[in-house]
Each structure stands twice: as C-alpha cells, then as structure tokens.
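Secondary and tertiary structure notes
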Amino acid sequence: MATAPNPTRDDFEKLLNETLGDSEGFEGRVVKGTVTGIENDLAVIDVGLKSEGRVPLREFAMPGQKADLSVGDEVEVFVDRVENNNGEAMLSRDRARREAAWDRLEAEYDTEARVEGTIFGRVKGGFTVDLGGAVAFLPGSQVDIRPVRDVTPLMDIPQPFQILKMDRRRGNIVVSRRAVLEETRAEQRSDLIQSLTENQIIEGVVKNITDYGAFVDLGGIDGLLHVTDMSYKRINHPSEMVNIGDKVTVQIVRINRETQRISLGMKQLETDPWEGASAKYPIDARFTGRVTNITEYGAFVELESGIEGLVHVSEMSWTKKNVHPGKIVSTSEQVEVVVLEVDEEKRRISLGLKQAQDNPWDSFAERFPVGAEVEGEVKNATEFGLFIGLDGDVDGMVHMSDISWGVSGEDALELHHKGETVKAIVLDVDPEKERISLGMKQLERGGASTDTGDLRKGKISTVTVLDVRDGGLDVQVGDDGPTGFVKRADLGRDRDEQRPDRFQVGQKFDAMVVGFDRSKKPNFSVKALQVAEEKQAVKQYGSTDSGASLGDILGEALKQKSDDGDTKDGE
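Computed from a predicted structure; not experimentally measured.

Attention now moves to helix α3 (residues 178-195). For α3, spanning 18 residues, the distance from its first C-alpha to its last is 25 Å, which sits close to the expected 26 Å at 1.5 Å a residue. Along α3, the residues classified as buried are Val-180, Arg-185, Arg-189, Leu-192 and Ile-193. Lining the buried residues of α3 we find β9 (159-167), β10 (172-176), β11 (201-210), β13 (222-226), β14 (247-256) and β15 (261-265).

Printed below as a string of structure tokens:
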C-alpha cells in the first residue's frame, strides 16, 4: 500500500493562503461584513478574515439617536488591522462612514451642491456638524443671517449646509448654514418683489430702528420706512412713531427691482394737510402755534399737525437785533404769529413774530411827535453821533452836528459819555427805516421850538445876539422868533470882522438866511448880506468900468439908503 507523501512547508503555506485569502489586502480598505452577534454595547462582525472584529454600537448610530442594528445585518466597516494582540480584527464603522462621506462630499463640493448635516457639538468659535460620517466645522458667524444667541433648537436636526472649504489630507471641512438661508431668502425676495407694486398698501413688522428710519419685514423682504415718510408733522426720531415688533400698515412708495430696495410710507395713508394751505393761512392773518425747533437762523412754529412755518431771525423782534432765537422764544412755547408768505409747492410758510406785536417806532411817533422833548441814557457813542435809549425799547440818534451850538462835532462828542442821562428834541421819526433823529443843541437858547415862520433862504432878517461863542453867535429873530446860528466865517467879509468878541449879547444886526441845519434851524450870514448889497449897488449906481470907484458906488448907495430913511421918518 502506497503511503501519501508528507506535505512540504510550501504546500502548507499555500493551503493557509487559500483558507484565509489575501488578508494583507484588507488593511486600509472599506469592506462588507455581517453582524454575527451583539454583546452589550459591541457588535461582532465577520468580514471573512480568520477572526471576527468588534465595533462599538454607538458608531452605528446617528447623533442623538440609538443604533438600529440586528444579527444578520450587512454593514460596511473599515479594516484598520487584520489582527491585534488579541487575535481579533480591528474594525471601525466611523472610518468606513468617513471615507464614504468624503468621497460623496468631494463630488458635491465640486458641483457646489448643498449637503445635509446635523449640528451635534460646540467647539471654540463655532460648532461641529456630522455630514453623514465626516465631521465639519460650522463657524459661529455662519449659523444664521443674524446673530443667534441660543443654538440649542438647531442641534440634532438634519438640515442643509453649504461647503465653503474642504481639505481631505488635513481632514478639514468648513460649512455654512447662513449661505443656504441667504440663497433661499434671495429666491423668496425675488419672488416677493415681483408680486409687489408701487402704491400698494401692505402690512409688515418693524424689525429694526435707526436714526433715519425703520426697517419693516414684509414677509421675506425688508422695506425702509424713512423718518420723513412716517408723518407730516416734525419727528425727531423714528422711535416716536414705531417700536421694534410693531405691526404697521404701510404704502409702497418706490420699488427698485434691480437693487431690490423698497421705500415705504405711512403718511401717504393720511390726508395731506398742505392741500389748500394758502386758503387756510392767508397773508397777514394771525395764528397761535407751538415752537417745535430752534436754529441759528430762526424758529419753526407748528400751526397744526403736519404744517410748520419758519419765523426767520429777522422777523422775531422789532428791537433785538443779532440775537440768537433761543433768547427770544423757547421750545414748546405757544406764540402768536402773522403769516407773511405761503408756498404750497415747496411746503413752506414764512411767519413773523414781531408783526403780531405793536411796532415800537409807530408807537413812539404817536407819543412823541416832532418837537417833543425826550430823556434817555447814552447807549453808545460812535464817530458820527450818540445813540440814546428811549421809551419803548427803541434808540434815537443825535448826530454830532446836533449836540451843541458853536462846537465842532468831534469836540461835542467828547462832552458826553456812555451811561449819561441826557435830554433831546425829536427831530424826525421814520418807522419804515426804524430811525429816530434827535437834537440836543435845540434845547439851548430857544427851547423846543422848531417853527421857522416865514424864513427862507435869501431872506434878510434882523436878529438879536443870544450868546457869543468861539465858533460864532447864537441869534434869535425878533423877541420870540426862531433861533439860529451865525458861523464865525459869516460874520463879515474881512478877517477883522470875523471876530465874535466884537458883538455883545442883546446887540441887533441884519443878516441873510443862507440855509438850515438838520433840525431845520436857520443859519445866518452877515457876509452873504454884504455881498448881496454890493451886487445890488453896482447894478443900480453904475460899475467900476464906467470910471466910478467901488467907494463912490457904495457911498452913493449908502447916501440913497440914508435919504430913503429920512423920507420915511418925515412921513
């Protein structure tokens, strides 16, 4: 009987390889296996190797859920090692899912497709997301369109994400939930904006308030309700009209479909108070209003809700000039105003505050006519005169030529100082120009009278010396006639005659009226009278061309004048 040959070492190795297969090719691969048993929290899996492997049940469960696994189920696992120290295969369900997920995610990343994932944990700066086996990082800024304080309601819920970046070698994936929401919102905005029309009335919810208006959510798209479109009346801040969360009814004013911007209005739903404003507020009519705003150039006065008028600073007071409006009126004060101008198109009304009060210049003219005596304090001294404070909070001016007789204007100004109380005569009142002319010298020698009688330029009168001054003579016509002045240079033709000290108080002489000063007081001249008499004598008694001397002519004229006087006396 023949005996079987003994197997060699090579034959044994060959037989073992046929039994186990090429086990070295299993490592680092994803293979299919069968669940042969479940022991506590481990699943026993046979992948065709000489020994089975054990995988924790949690690796077969989705985040936040329990594993749904039974004996006989076929699963895919990753073979890390064929045999460990215990002779068991080292298997991993997580690695299998991760490898499969990376293959799938790379394909979806290349096509920019959305991927489904579940937020299951928190890390520094964001959250971890399970993308079907691969773990991705979700930055905190990419969770929502607006900052989210509590992310708990979003965790353990499958939802779409957009892959922003992935690196398989480093095992990094960055995803965004915000990008998906913005894309979805953009689609909704586009659909919604196409359904809206201008002048359409729609309801919305106030979601944000700024200094210039409020943003209203119209159901997926925001519209701006500008502060100027909230009400016809003045609004300092949008919060005076709306609050966050308020439901409001608005009208679509404008739609820009390219930029997807919508302008809203609330006042458009109300009646425009400016319609017929010209009829409601006629020129020169008086109304009572409330001061709503004060600026450097004036104050705004509300006449009714939605209609304000401007009182310019120049129309606020008759007497207070270059004063800030805040020193004349205050916010919320009730004031009486007069309508000066109405422009419905520009929605402007010009108002006057001072026009509702008595004109102090007219009042002064009624109480103090020309020639009246007044008393006041010197408020200011200028190079051309004095300003005197008068009753009614008005000022009058004394020109330097009307301060004193016989003194130059510059010297007269030096005689008075600010704060001094003085008396003067009213020379002229011009309410339109808001001017009052006063005279102080008119109170000297002759009282307050400004009546010049029948005096006129060129008239010859006999005057009496009232006072002798360095600059000339104060004179008076008759005993109770108007007073006037003879300048030093007008006392005679010759220099010797131009000496005031050659006259005495009470002395009478003839002089010619050569003009009137600002106070209508006459100015007399002896010199002008002499020249006129000389011309008359030459005309009547001959000329020096005929051979007669000027002395002969004047002598004949004086003789004739003397004879005329004797004849009158004889009569």
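Before going further, it helps to spend a moment on the sheet that holds β15. Pairing is mixed in the closed barrel, where five strands are placed in the order β11-β12-β13-β15-β14. In this sheet, adjacent strand axes meet at a mean angle of 50° when their direction is disregarded. The pairing of β13 with β15 spans two bridges and is parallel. Across the sheet, Leu-225 pairs through a bridge with Leu-264, a residue of β15.

This next bit is on unusual backbone geometry. Even without being glycine, Asp-156 reaches a positive phi, approximately 60°. Positive phi, normally seen in glycine, also occurs at Glu-434, with a value near 55°. Its location among the elements puts Glu-434 in the loop between β24 (421-430) and β25 (435-439). Since its relative accessible area comes to 22%, Glu-434 is described here as partly exposed.

All right, on to the pairing of strand β12 (residues 213-217) then. Regular strands show a simple pattern: their side chains alternate between the two faces of the sheet. Sheet topology note: the β11/β12 ladder contains five bridges and is antiparallel. What sits directly across from Thr-210, in β12, is Gly-213. Counting the residues that bridge the hairpin from β11 to β12 gives two residues. With five bridges connecting them, β12 and β13 associate as antiparallel partners. Looking at β13, one finds that Ala-214 is bridged to Leu-225. Between β12 and β13, which pair antiparallel in sequence order, lie four residues; one of them, Gly-219, sits at a positive phi of approximately 105°.

Scoring rules and cut-offs
- Residues numbered from 1 in each chain as written.
- Predicted model: local features only at pLDDT ≥ 70, side-chain atom pairs only at ≥ 80, totals over all residues.
- Heavy atoms only, no water.
- Helix = DSSP H or I, 4+ residues; strand = E, 2+ residues; numbered from the N terminus.
- Expected span 1.5 Å × (residues − 1).
- Buried < 20%, exposed > 50% of the residue type's maximum accessible area, 1.4 Å probe, protein only.
- Contact = heavy atoms within 4.5 Å.
- Pairing = 2+ DSSP bridges.
- Axes fitted to C-alpha atoms, helices over the stretch in contact; angles between N-to-C directions.

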